[in-house]
Amino acid sequence: MEKLMLSADGDIMLYEVNKKILDDFDNLIGQFFQWKKTNYYDEQLFVKFLQQKYGNDAIKFIKNLGWFNEHNMPKEYENIIWYNF
């Protein structure tokens, strides 16, 4: 399992994800935007999308990291993909 950070203009959530999700991340984001049926969406809806596509075990919540930006990101998270909705 790999790590992924997701946020929606607020706290950043850290997840463990199946490696194939990270390998195809850009494509999955595009599929998600076609799949969603609402103008309101956030990282939780993206998690539901991934669970429907790959199963509940493909993505697991680890913890809420709080808020930071690319200028004050803790070193331990620098190499983790971060997507903000």
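Because the structure is predicted, anything quoted here is derived from the model rather than measured.

Enquirer: Quick one: what's the story with unusual backbone geometry, residue by residue and with numbers?
Expert: Residue Asp-9 is not a glycine yet carries a positive backbone phi of 55°. Secondary-structure assignment places Asp-9 in the loop between strand 1 (2-7) and strand 2 (12-17). Residue classification places Asp-9 among the exposed positions, given a relative accessible area of 66%.

Enquirer: Would you mind going over helix 3 (residues 43-54) in detail, with residue names and values included?
Expert: Along an α-helix, residues three or four apart share an orientation, since each turn contains 3.6 residues. Along its 12 residues, helix 3 runs 16 Å from first to last C-alpha, staying within 8% of the 16 Å computed at 1.5 Å per residue. Those residues of helix 3 that sit buried are Glu-43, Phe-46, Val-47, Phe-49 and Leu-50. Here the buried residues of helix 3 occupy an arc of 160° about the axis, which is enough to place them on one side. Summarising the geometry of helix 3, the exposed residues directed more than 90 degrees from the buried face are Gln-44 and Gln-52. A positive backbone phi angle near 100° is found at Gly-55, which sits one or two residues after helix 3.

Parameters at a glance
- Residues numbered from 1 in each chain as written.
- Predicted model: local features only at pLDDT ≥ 70, side-chain atom pairs only at ≥ 80, totals over all residues.
- Heavy atoms only, no water.
- Helix = DSSP H or I, 4+ residues; strand = E, 2+ residues; numbered from the N terminus.
- Buried < 20%, exposed > 50% of the residue type's maximum accessible area, 1.4 Å probe, protein only.
- Expected span 1.5 Å × (residues − 1).
- Arc of directions from axis to C-beta.

All we've got here are geometric facts, nothing functional implied.
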